[in-house]
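# An overview of the molecular structure
Here is what each chain is made of, one letter per residue.
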Amino acid sequence: MRSWAEPVVPRLPGLGDLPALHDTSTGTVHPTEVDGSSAGLYVCGITPYDATHLGHASTYLAFDTLLRVWRDAGVEVVYAQNTTDVDDPLLERATATGVDWRELADGQTDLFRSDMQHLAVVPPTHYVAVTEVVTDVADAVARLLDRGLAYPVPTDASSAGDDLYFDVRAAERDTDWHLGLESRYDADTMARFFAERGGDPDRPGKRDPLDPLLWRAARDDEPSWPTTLGAGRPGWHIECTVIAQQHLDVPITVNGGGSDLVFPHHEMSTAHGTALTGRPYAVHHTHTGMVGYQGEKMSKSLGNLVKVSELVAAGHDPRAVRLALLAHHYRADWEWFDAELAAAEQRLGRWVAWAATSDGGAVAATAPTPLVVGLRSSLADDLDTPSALDAVDAVVSRGTAPSEVDVDAVQALLGIDLRA
Ligand code: ZN
């Protein structure tokens, strides 16, 4: 599937350090273990039924920062992202609003692309819609069935066949994966999140309440595709496993997303991936904090969304939106206040004025400037963007004219083009 336009990312003198990154499965920050000089990054994409809110944008900016820091360290990054363009919430929204589900998905995916482009997010190497990989998912589920790790659950009379579920207890017996491997959650927490986040613990016929859906057999009023499993459509977790393993080496260097994906989504993607390859799914499991608004987590279900597209349409500079988000550490849970955007616009104004005093390249730096060194140091430390912004502020407030390399560094590492 088409992604979006690549922003300009200037090359800086010298090489940055390999970043250290928090890993959910160990609870520690440790250096990213790249394989030779290449890294594979998978970040879960949107379900396209509502435009990009600041929580989404914050997550994609975190992994955009990782990608930029890796590239600056000389790492070749292969980045894959899905879009869940067929799923229950999308279909429910389409029905509720009387819009064809494909039109809804296409329109919202376009809006997402436009938001990412406005925010100067480097696009994924492989941007893949679930509807593009239905056959591949069916083949993967068939392999899990063959291995005794999946089983049918009967459906009602209107369906074309059985739904298929993943057997978590069998996977714990027969693979190196176990419940809690990634999330480190206790049983009560897993049960609660499974029920809250799209799971169906009480469905009759399941062997374990936490067994996740792999394949949903066709229903009369739902889209479906003919496959070797019969007509149906993919479950949520297996779609990411299949897309990630099609495009990235296993184990994936970093599997990322918002912290609300830790369980069950990433735990189960990891389970499926381990079962399919016999190898660990990812080296690092990295998660971003939740963004709140008006006292609650920003979410589609609550409707308290601040959307990138609306801020841009209201005339706000997308660079200021980016700066406002980067002012928070990616792992923190934080609340958006409208005043943050005004503060970011003032900061951007100071930075742009500073960049305009550059002597136009008379300082031909071939070695990293102190600002480059400072930015690299902050960002290599678990993507500490607040410290990186402080480092730029400190240089700007001194009032010394920047070199071109300094202005390039802000663009390359923070994604803010001060010459625009
Ligand atoms: Zn995913």
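Residues numbered from 1 in each chain as written. Predicted model: local features only at pLDDT ≥ 70, side-chain atom pairs only at ≥ 80, totals over all residues. Heavy atoms only, no water.

Regarding its fold elements, the chain presents 14 helices and 14 strands. For the chain, whose C-alpha radius of gyration is 22 Å, the value lies close to the compact-globule estimate of 22 Å for 420 residues. Here the chain holds 420 residues, and 58% of them are scored as buried. About 16,500 Å² of surface is accessible on the chain, with carbon and sulfur atoms providing 50% of the total. One way to put it: in the chain the 32 positive side-chain charges average out to a point 1 Å from where the 62 negative ones average out. (Helix = DSSP H or I, 4+ residues; strand = E, 2+ residues; numbered from the N terminus. Rg over C-alpha atoms; globule rule 2.2 N^0.38 Å. Buried < 20%, exposed > 50% of the residue type's maximum accessible area, 1.4 Å probe, protein only. Areas by Shrake-Rupley, 256 points an atom, 1.4 Å probe, with all protein chains shown as cover. Lys, Arg positive; Asp, Glu negative; His and termini not counted. Charge placed at Lys NZ, Arg CZ, Asp CG, Glu CD.)

Looking now at the packing of helix 12 (residues 370-380) against helix 13 (residues 385-398). In contact at an axis separation of 8 Å, helix 12 and helix 13 are set at 165° when each is read in the N-to-C sense. Between helix 12 and helix 13, the angle falls in the class roughly antiparallel. Classified by chirality, the crossing of helix 13 by helix 12 is right-handed. Here Leu371, Leu375, Ser378 and Leu379 of helix 12 come into contact with helix 13, specifically with Thr385, Ser387, Ala388, Ala391, Val392 and Val395. Classifying every residue of the contact of helix 12 with helix 13 by side-chain character gives seven nonpolar, three polar and no charged. (Axes fitted to C-alpha atoms, helices over the stretch in contact; angles between N-to-C directions. Parallel < 35°, antiparallel > 145°, perpendicular 65-115°, else oblique. Left-handed = near helix turned anticlockwise from the far one by under 90°. Contact = heavy atoms within 4.5 Å. Nonpolar A, V, L, I, M, F, W, Y, C, P; charged D, E, K, R; others polar.)

Glancing now at the domain arrangement of the chain. Parsing the chain into structural domains produces domain 1 (30-292) and domain 2 (301-414). Summarising the inter-unit geometry, the C-alpha centres of domain 1 and domain 2 are found 31 Å apart. Listed per partner, the contact involves 28 residues of domain 1 and 26 residues of domain 2. Buried area between domain 1 and domain 2, both sides added, is near 2,400 Å², and the carbon and sulfur share of it is 64%. Summed over the three residues of domain 1 that lose the most area to domain 2, namely Leu54, Arg68 and Leu119, the buried surface amounts to 24% of that side. (Domains from an automatic or database assignment. Buried area = accessible area lost by both parts, 1.4 Å probe.)

This part takes up the environment of Ala195. Tracing the chain through its elements places Ala195 in helix 6 (residues 187-196). Residue class for Ala195 comes out partly exposed when judged on its relative accessible area of 43%. When the C-alpha atoms of Ala195 and Pro13 are compared, they prove to be 50 Å apart, with 182 residues separating the residues in sequence.

Counting 71 residues, the largest nonpolar core has Trp336 and Leu414 as its most contacted members. Per element, the largest residue contribution to this core is 10 residues, and it comes from helix 1 (residues 54-72). Taken together, domain 1 (30-292) and domain 2 (301-414) each give at least three residues to this core, which thus spans both. Not counting residues up to four positions away in its chain, the partners in contact with Leu414 are Arg322, Leu326, Trp351, Leu375, Leu379, Ala388, Leu389, Val392 and Ala409. In terms of nonpolar packing, the next biggest core, distinct from the first, is built from 41 residues, Val141, Leu149, Ala171 and Cys240 among them. (Core = buried A, V, L, I, M, F, W, Y, C linked by side-chain atoms within 4.5 Å.)

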